[in-house]
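# Examining the three-dimensional arrangement
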Amino acid sequence: MRRRRLHVVGLLLMFGLSGGWLLQMHPPVAHAATLTVCASGCGFTTIPAAIAAATAGDDIVIGPGTYAGGVIINKDLRLIGSGASVTSIEGGGSAITVNAGVTATVSGVTLRGGTGTIYSVAGPSGPMDKRGKRVGGGANNLGQLTLEYSVVENNSVTGAAPGVIAVADPNVSKYSALGGGIYNAPGAALILRFSTVRNNSASGYRGTAGGVTNGNGAGIGGGLFNDAGATMTIQRSLISNNTALGGRASPSFGNRGGGGAGIGGGIYNEGTLSISATTLSGNSASGGDGQASGAASNGTGSGFGGNGANLPGGFGGGGAG
């Protein structure tokens, strides 16, 4: 009996003395925190306040209600709404922006009423340079975004008016709009699944201010724009009733004013795009009207790729608007 007790005591001492070593080899795992947002009774009443308080890897659970857009996600986070029918993020330029280098998941929300963000990152000179173009009414993604069980609707992005953006390169078209619903920037990656993108628009500048030729810019990717060097994966989603509309030419240039192009009503793709189990329907692309001395003339701009342009095989672009 005494020998057995000594054996047990020895085991306890051994594990007790080695406890520090075991903790060093297997430190405690830090679990993600859950922060809550709602009108009252939660930790926060606004989404930006919760993001500011969060640590990378945390979850932010958003209750039913309408929340101000212009949300910038600058940490690796999950934003979890209470369902697209009851939780919405509205307005504020781009309703949400995911910064470069950030991995985020947004689920169970509606992104609505955004008007886009002026893109400021320089690219190759000429048409590939997106500086000065307004992009991403619902979501402006520069990072790694998974958007699921959500709705992106009724966002409207219009190219900037003359004088709003100063870009010295004369080849840069500053009056175009890209991605009325979602813009996926160069180097970014978007997974869109179990979601709907509907009733969004991208339009070239359509005012009457002088200083603009060639249709005042194009409207490209009414629903989604996947830029060069970006990756977009769309699964089990609906892309419907989105519009790409070319700009109206300025009468200030007399007979030189042809309308701008409308391209890719549903989706416009310049990068890597994968689509599966997804419906594209009712999307349209229309050219803007030309003007001479204030009268519509000198050529309506081209409109093509109603449902999309540069899509993978099996997903036809549809006709011109």
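The structure under discussion appears in the preceding block.
Values in this document were obtained by computation on a predicted structure and should not be read as measured data. (Residues numbered from 1 in each chain as written. Predicted model: local features only at pLDDT ≥ 70, side-chain atom pairs only at ≥ 80, totals over all residues. Heavy atoms only, no water.)

## Quick word on the sheet that holds strand S15 (residues 156–158)
Quick reminder of the rule: Two strands make a pair as long as DSSP finds a minimum of two bridges between them. The numbering of helices and of strands both runs from the N terminus, where a helix is a DSSP run of H or I of at least 4 residues and a strand a run of E of at least 2. Fitting a line to C-alpha atoms yields each axis, with helices limited to the stretch in contact; the angle taken between N-to-C directions then spans 0 to 180 degrees.
Strand order in the open sheet formed by 4 strands is S15-S20-S25-S30, with parallel pairing between adjacent strands. Looking at which strands have only one partner, the edges of the open sheet turn out to be S15 and strand S30 (284–286). For this sheet, the mean angle separating the axes of adjacent strands, direction not counted, is 5°.

## Observations concerning the packing of aromatic side chains
Each pair of aromatic rings is reported with the distance of its centres and the angle of its planes. Keep this limit in mind: Centres within 6.5 Å make a pair out of two Phe, Tyr or Trp rings, where for Trp the six-membered ring is used; the pair is then stacked when the planes are under 30 degrees apart, edge-to-face when over 60, and tilted otherwise. Buried residues are those whose accessible area, probed at 1.4 Å on protein chains only, stays under 20% of the maximum for their type, while exposed residues exceed 50% and partly exposed ones sit between those limits.
For the structure on display, the rule yields 3 aromatic pairs. Ring geometry for Tyr183 against Phe225: centres 5.7 Å apart, planes inclined by 35°, an arrangement best described as tilted. Placement of the pair is Tyr183 in strand S17 (residues 182–184) and Phe225 in strand S22 (residues 224–226), with a sequence separation of 42 residues. Phe225 matches Tyr183 in its accessibility class, with the two residues each being buried. Consider the rings of Phe225 and Tyr268, whose centres lie 5.1 Å apart with planes at 35°: the pair is tilted. With a gap of 43 residues between them, Phe225 in strand S22 and Tyr268 in strand S27 (residues 267–269) connect regions that are remote in the sequence. Comparing Phe225 with Tyr268 shows no difference in burial state: the two are buried.

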